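This is what each chain is made of:
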Amino acid sequence: MRIVKHLLTYMFWTMLSLIMGIVYMRLLLGDIAEDESIGGFGYLLKVFYLHGLVFIGLPFGAIIALFFIVIDFFVLSKKLKQGGNRTLMRIALLLAITVFVAIVHYILEVVIDVI
């Protein structure tokens, strides 16, 4: 029963990480114009925008989830056995990892121009 509880907990944090990856891509891409006068090209632009959110945001979320699970399993779970607010610490860790992945993405895309 304990293993199932851990799996469900990590599944929840993984889903939250995937959502954070999509939100990061939404912040990065910005809004799409709702101008209907463009015609068929506007529809194609909207399709590419939504695919960009999903197909680029989900790998970012998976990277965030991977880092989070490794750090939580090997470091955080041992330190939080004594007590404390586990959920708040995990949310802070998830946000810190998201910021770290965003900074690495920015450096690779803009500064080094690898991506």
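Scroll up for the structure.
Numbering of residues starts from 1 in each chain and follows the order in which that chain's sequence is written. Only residues with pLDDT of at least 70 are given local features in this predicted model, and only at 80 or more are side-chain atom pairs given and counted; all residues enter the totals for whole chains, interfaces and linings. Processing note: side-chain calculations cover all non-hydrogen atoms of the structure and skip hydrogens and water entirely.

Enquirer: So what's going on with helix α1 (residues 2–29)? Residues and values would help.
Expert: Helix and strand labels come from DSSP, where a helix needs a run of H or I of at least four residues and a strand needs a run of E of at least two; each type is numbered from the N terminus. What a helix is expected to span follows from its residue count: subtract one and scale by 1.5 Å. The end-to-end C-alpha distance of α1, which contains 28 residues, comes to 41 Å, matching closely the 40 Å that a straight helix rising 1.5 Å per residue would cover. On the buried face of α1, the contacting elements are α2 (40–79) and α3 (86–111). Phi turns positive, to about 80°, at Gly-30, one or two residues after α1. Whether two residues are in contact is decided by their heavy atoms, any of which lying within 4.5 Å being enough.

Enquirer: Tell me about the packing of aromatic side chains, residues and numbers included.
Expert: Only the six-membered ring of Trp is used, alongside the rings of Phe and Tyr, when aromatic pairs are assigned; centres must lie within 6.5 Å, and planes under 30 degrees apart are stacked while those over 60 apart are edge-to-face, with the rest tilted. Under the counting rule described, the total for this entry stands at 5 aromatic pairs. Ring centres 5.1 Å apart and planes at 85° place the aromatic pair Phe-73 and Phe-74 in the edge-to-face group. Feature note: the residues Phe-12, Trp-13 and Phe-68 constitute an aromatic cluster, connected by ring pairs.

Enquirer: Give me the lowdown on the nonpolar core, citing residues and values where you can.
Expert: One recurring pattern in soluble globular proteins: nonpolar side chains tend to sit buried together. Buried Ala, Val, Leu, Ile, Met, Phe, Trp, Tyr and Cys residues that are joined via side-chain atoms within 4.5 Å together make up what is termed a nonpolar core. The buried label goes to any residue with under 20% of its type's maximum accessible area, the exposed label to any with over 50%, and the partly exposed label to all in between, with areas taken from a 1.4 Å probe on protein chains only. In terms of nonpolar packing, the biggest core is built from 17 residues, with Phe-68, Leu-94 and Ile-97 touching the most fellow members. For this core, the secondary-structure elements that each account for two or more residues are α1, α2 and α3. Top contributing element to this core by residue count: α2, with 6 residues. Among residues more than four places away in sequence, those in contact with Phe-68 are Trp-13, Arg-90, Leu-93, Leu-94 and Ile-97.

Enquirer: I'd like a description of a nonpolar patch on the surface, backed by residues and values.
Expert: Distance thresholds for patches are 9 Å for like charges and 5 Å for nonpolar side chains (Val, Leu, Ile, Met, Phe, Trp, Tyr), applied to residues having over 30% relative accessible area and no salt bridge. For the area figures, the Shrake-Rupley method with a 1.4 Å probe applies, and any residue is considered shielded solely by the protein chains shown. Any carboxyl oxygen of Asp or Glu within 4 Å of a side-chain nitrogen of Lys or Arg constitutes a salt bridge here. Taken together, the side chains of Ile-63, Leu-66, Phe-67, Val-70, Ile-71, Phe-73, Phe-74, Val-75, Phe-100 and Val-104 present a nonpolar region at the surface, about 880 Å² in accessible area. Every element with two or more residues in the nonpolar patch is listed here: α2 and α3. For Leu-66, a relative accessible area of 54% corresponds to the exposed category.

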